[in-house]
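Spelled out from the first residue to the last, the chains are:
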Amino acid sequence: HGQAPRRYGHFWDYFQLQKALRDFAPDVIYQRVGCAYTGISAHYAKRSGTPMIWHLASASDCRKPPPARILLSRPHAFIETRLAKRGVVQADIIVAQSQEQIRVLQENFGRSADRLIRNFHRVPQSVDKRFDRFTVLWIGNFKRVKRPDLFVEIASQLGKCSGIDFVMIGRGYQSESVQHRFAQVLKRTTNLKYLGALPQDEVNRWLETSHLLVNTSKSEGFSNTFIQAWMRSVPVLTLGVNPDDLLKDSFLGSSHESTKEVANTVRGLAANFDILNDMGKKCREYAVERYSMKNAAELANLIMQAAGDTR
C-alpha cells in the first residue's frame, strides 16, 4: 500500500489484500510471519474454503499479544496484533521451525503445531580454516534488542590479545545520532572492524574464513545466521540465548551469562585449535544433516498436498 504509514502495521492493506486474493483465487494460501496479513489471509480462507498454511518465522510470532489495556493506547498495535492472533487460531495448518516454538505456541494460543519443518539452506562446500589470524564475527542489524554494544565490550576486553580480530556486519542504527555515537565507540576499539551491511554472499564468505560467531541479542529465535555459521564450521557463542538447548547439548557452541565469560571462551578457543576444529566439524555435520534443502522439499510437498485436497 503505497500511501500507508507501514511502520504502524500491515493492517492498512486489508481491503487491497482481500481483493488480490479474490482476483487470484488461490488453491492454497501459504503465509509466513505473524502479522495482520495472517488474519487477513485467514479471513479470506474461511470465507472461500481455501486451505491456509501459516509458517512461524521467529519466536516473536508465537508470543502472547500484550493485554488490551496496554494496546488501547496504541490503537494501530491493537489492530495489528488482534488480526495476527485471529489468523493463528483460524489457520488450517501451522508449521513450526523448532521445538521451542511448538511449546510457546501451545502455551500462548492453546494451539498445537501440525508440522515441524526446520529451516533450510543450500549446503556450501567445506573449507579449511586458516589460523594465522583468528576472526570473531557479529552479524545483525543494529537494534537495542541485539545489543551490539556488548560485542564491542567483548572486543575491548581482548584488546591486548594479538592475533584476534573482531568484525561486525550489519546495517547501522536507524537514528543518525545514535549511530554517530556508536561510531565513535567503534573508532576507539582498535581490534574491531565495522563493515556495514553486506550482501548475503559476502556475509557467507566472511563466515567461511572466520572461526567464531558471537550473538549478543537479548531474545533470539532460531536464527538463520546460526545455521549459516554451523554449515561453514563456525561455532556460536551467545549471551543467554540457547534455542532448543542446542548449544548445550550438541557441541555447536556455548551460551554465557556475561561478556567476561564470552571473552574468556574466545581467548581459550583461540589458543586451542584442536578443540575448535573438532567443534567446527560437529557444527557442519549437524547443520548439513538437519537444515539442508530436503526440508524445503518437505514444505513444498505439504503445500502441494493441501492444494491437491481442494481439487
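Residues numbered from 1 in each chain as written. Predicted model: local features only at pLDDT ≥ 70, side-chain atom pairs only at ≥ 80, totals over all residues. Heavy atoms only, no water.

### Considering the pairing of strand E8 (residues 212–215)
Working step 1: Here E8 shows no split at all, with Leu 212 and Val 214 on one side and Leu 213 and Asn 215 on the other all buried.
Working step 2: Sheet analysis places strand E5 (residues 134–139) next to E8, joined by two bridges and oriented parallel. Bridge pairing links Val 136 to Leu 212 in E8.
Working step 3: Pairing of E8 with strand E9 (residues 236–239) involves three bridges; the strand directions are parallel. Across the sheet, residue Leu 213 finds its bridge partner in E9, namely Val 236. (Buried < 20%, exposed > 50% of the residue type's maximum accessible area, 1.4 Å probe, protein only. Helix = DSSP H or I, 4+ residues; strand = E, 2+ residues; numbered from the N terminus. Pairing = 2+ DSSP bridges.)

### Section: the nonpolar core
Working step 1: Core analysis: the largest hydrophobic core is formed by 29 residues, its most contacted members being Val 136, Phe 166, Met 168 and Val 266.
Working step 2: Broken down by secondary-structure element, the contributors of at least two residues to this core are E5, helix H6 (148–157), strand E6 (164–169), helix H7 (176–188), E8, E9, helix H11 (259–270) and helix H12 (273–290).
Working step 3: In contact with Phe 166, not counting residues within four places along its chain, are Val 136, Phe 151, Ile 154, Ala 155, Leu 158, Asn 191, Leu 192, Lys 193 and Val 266.
Working step 4: In this structure, Leu 137, Leu 207, Ala 229 and Val 236 belong to the second largest nonpolar core, which totals 21 residues. (Core = buried A, V, L, I, M, F, W, Y, C linked by side-chain atoms within 4.5 Å. Contact = heavy atoms within 4.5 Å.)

### Let's talk about the sheet that holds strand E10 (residues 253–256)
Working step 1: Overall, parallel pairing links the six strands, which are arranged E7-E6-E5-E8-E9-E10 in an open sheet. The sheet is open, and its two borders are formed by strand E7 (192–194) and E10, each paired with just one other strand. The mean inter-strand angle of the sheet, taken between neighbouring strand axes irrespective of direction, is 20°.
Working step 2: Across three bridges, the pairing between E6 and E7 is parallel. (Axes fitted to C-alpha atoms, helices over the stretch in contact; angles between N-to-C directions.)

### Some details on the packing of helix H1 (residues 14–24) against helix H2 (residues 36–48)
Angle between the axes and distance between the axes: these two values describe a pair of packed helices.
Working step 1: Running from N to C, H1 and H2 cross one another at 40°; their axes reach a closest spacing of 10 Å. The orientation of H1 with respect to H2, classified from their angle, is oblique. Between H1 and H2 the crossing geometry is right-handed. Listed contacts from H2 to Tyr 14, Leu 17, Gln 18, Leu 21 and Arg 22 of H1 are Tyr 37, Ile 40, Ser 41, His 43 and Tyr 44.
Working step 2: Here the contact of H1 with H2 is built from residues that sort into six nonpolar, three polar and one charged. (Parallel < 35°, antiparallel > 145°, perpendicular 65-115°, else oblique. Left-handed = near helix turned anticlockwise from the far one by under 90°. Nonpolar A, V, L, I, M, F, W, Y, C, P; charged D, E, K, R; others polar.)

### Some points on H1
Working step 1: Among the residues making up H1, those that are buried are Tyr 14, Gln 18 and Leu 21. Across the axial projection of H1, the buried residues extend over an arc of 65°, all falling on one side. What points out from H1, more than 90 degrees from its buried face, is the exposed set Phe 15, Asp 23 and Phe 24. (Arc of directions from axis to C-beta.)

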